[in-house]
Amino acid sequence: MRSSALEELRPDAGSLIVVLTGAGISKESGLDTFRDADGIWSKVRIEDVATYEAFVRDPRRVHAFYNERRRGLLGANIRPNAAHLALARLEREWPGEVLVVTQNIDDLHERAGTTKLIHMHGELLKAECEHCRSILVWREDMSRDMRCDVCGRAAGLRPHVVWFGEMPLEMDRIGEALDRCGLFVSIGTSGNVYPAAGFVSETRARGTPSVELNLEPSEGASSFSHAIRGRASEIVPAFVDDLLKR
Ligand code: BV8
């Protein structure tokens, strides 16, 4: 990106930067994306594993889908990549607030050191009890016959994940941040899933500069004021370096 373009992007020191991330930021860490040629939705259908109706119809199948991804995430060779680490550095060194809003259910942002983080689609390493509504850390396989650690009842545990048709989490807090941010950054998302895909339009309506860092143009590419193309592990650290250069 031309340095002049980046100057237009640089928000005032002290302002809030909101960063939306999607599966593309975790791809180079070894986790599959959803809509790339070899992505998750090329192997299973959303209707069979990522809706509440699917869970009611065939809980065993849905648990198997998330158990496999949970085991994969906890695998020895899965770790944050340079893009996750760069965002944690931005939070530490930017003279203002940084809020990461991730669509991802992995824990790679946390493991990289990001602390101001919203998992709007939930977290793979947590469970939710439908009986007592407790949210539990959960790092092993899950099944219907397992008991909730809090209420002790069985047949109520589900992954703490937002399925299609369910309301994403912390939307009020996200909306408030979008209202006041000085820069909106989107990294590694195809812009297919709402309401996340609509965030750029909300910031554009307020005249907030926005930039998309992605391997290829997303569905919402035309709504961004700037774009940087490439692999996240390369373009995100370079972008953060430029932002922090005073
Ligand atoms: C809801 C958890 C309402 C599960 C997920 C308009 C408004 C509101 C809703 C809708 C609407 N239109 C349609 C809807 C319904 C639906 C929707 O959006 N459907 C789509 C398919 C059309 N939305 C919903 O159902 C949402 N709920 O709106 O509720 C409501 C209102 C009132 C009361 C109750 C309810 C809920 C959506 C959440 C669903 N859950 N995930 C799980 O993970 O198993 S969504 C799923 O897609 C994942 O979370 C994923 O993160 C998300 C988005 O995918 P991406 O992250 O973008 O990944 P993708 O593979 O698509 O793209 C990767 C990108 O990275 C690519 O562009 C690629 O080029 C790039 N890339 C690849 N490698 C790299 C790279 N970039 C850089 N470097 C690389 N190395």
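The rules behind each value
- Residues numbered from 1 in each chain as written.
- Predicted model: local features only at pLDDT ≥ 70, side-chain atom pairs only at ≥ 80, totals over all residues.
- Heavy atoms only, no water.
- Near = heavy atom within 4 Å.
- Polar contact = N/O pair within 3.5 Å; in protein donor to acceptor, adjacent residues only side chain to side chain.
- Nonpolar A, V, L, I, M, F, W, Y, C, P; charged D, E, K, R; others polar.
- Salt bridge = Lys/Arg side-chain N within 4 Å of Asp/Glu carboxyl O.
- Buried < 20%, exposed > 50% of the residue type's maximum accessible area, 1.4 Å probe, protein only.
- Helix = DSSP H or I, 4+ residues; strand = E, 2+ residues; numbered from the N terminus.
- Expected span 1.5 Å × (residues − 1).
- Phe/Tyr/Trp six-rings, centres within 6.5 Å; stacked < 30°, edge-to-face > 60°.
- Pairing = 2+ DSSP bridges.
- Axes fitted to C-alpha atoms, helices over the stretch in contact; angles between N-to-C directions.
- Contact = heavy atoms within 4.5 Å.

Draft legend 1. Molecular detail of the site of the ligand. Residues in contact with the ligand amount to 36 residues; listed here are only the nearest, Arg35, Arg69, Gly165, Thr189 and Ser190. Between the ligand and the protein, one listed contact pairs a nitrogen atom with a side-chain N or O atom of Glu28 at 2.9 Å. Backbone polar atom of Leu215 to a nitrogen atom of the ligand: 3.3 Å apart, as the coordinates give it. Here the shell around the ligand is composed, by residue class, of 15 nonpolar, 13 polar and eight charged.

Draft legend 2. How the structure looks around the pattern of salt bridges. By the definition in use, this model includes 23 salt bridges. Asp36 is the salt-bridge partner of Lys27, the closest N and O atoms lying 4.0 Å from each other. What makes Lys27 partly exposed here is its relative accessible area of 32%. The exposure class assigned to Asp36 is partly exposed, which follows from its relative accessible area of 29%. Among the ionic pairs, Arg71 bridges to Asp141, the shortest N-O distance being 3.1 Å. With Arg71 in helix α4 (residues 59–73) and Asp141 in the loop between β5 (135–137) and β6 (157–161), this pair connects stretches of sequence that are 70 residues apart. The partly exposed category is assigned to Asp141, whose relative accessible area is 32%.

Draft legend 3. Main features of helix α5 (residues 82–93). The end-to-end C-alpha distance of α5, which contains 12 residues, comes to 16 Å, matching closely the 16 Å that a straight helix rising 1.5 Å per residue would cover. Taken as a whole, α5 has its buried residues at Ala83, His84, Ala86, Leu87, Ala88, Leu90 and Glu91. You can read the cap of α5 off the contacts: a side-chain oxygen lies 2.7 Å from the backbone nitrogen of Ala83, and it is on Asn81.

Draft legend 4. Representation of the packing of aromatic side chains within the structure. Within this structure, the stated rule accounts for nine aromatic pairs. On the numbers, 5.1 Å between centres and 45° between planes, the contact of Phe34 with Trp41 is tilted. According to the relative accessible area criterion, Phe34 is partly exposed, its value standing at 21%. Summarising the aromatic geometry, the rings of Tyr52 and Trp163 are spaced 6.4 Å apart at their centres and angled 40° between planes, so their arrangement reads as tilted. A residue pair is termed long-range when its members are at least 10 positions apart, and Tyr52 in helix α3 (residues 52–57) and Trp163 in the loop between β6 and α7 (171–180) qualify at 111 residues. By relative accessible area, Tyr52 is classed as partly exposed at 32%. The class for Trp163 is buried, based on a relative accessible area of 2%. One aromatic cluster is present, formed by Phe34, Trp41, Tyr52, Phe55, Phe65, Tyr66, Trp163 and Phe164 through successive ring pairs.

Draft legend 5. Quick peek at the sheet that holds β5. Taken together, three strands build an open sheet; the order of strands is β5-β4-β6 and the sheet is antiparallel. The outermost strands of the open sheet, each flanked by one partner alone, are β5 and β6. Averaged over all adjacent pairs, the angle separating strand axes in this sheet is 45°, with direction ignored. One ladder, built from three bridges, connects strand β4 (residues 122–129) with β5; its direction is antiparallel. For Glu128, the partnering residue across the bridge sits in β5 and is Ile135. Against the sheet, α4 contacts β4 and β6, and its axis sits at roughly 135° relative to β4.

By themselves, these figures tell us nothing about what the structure is for.
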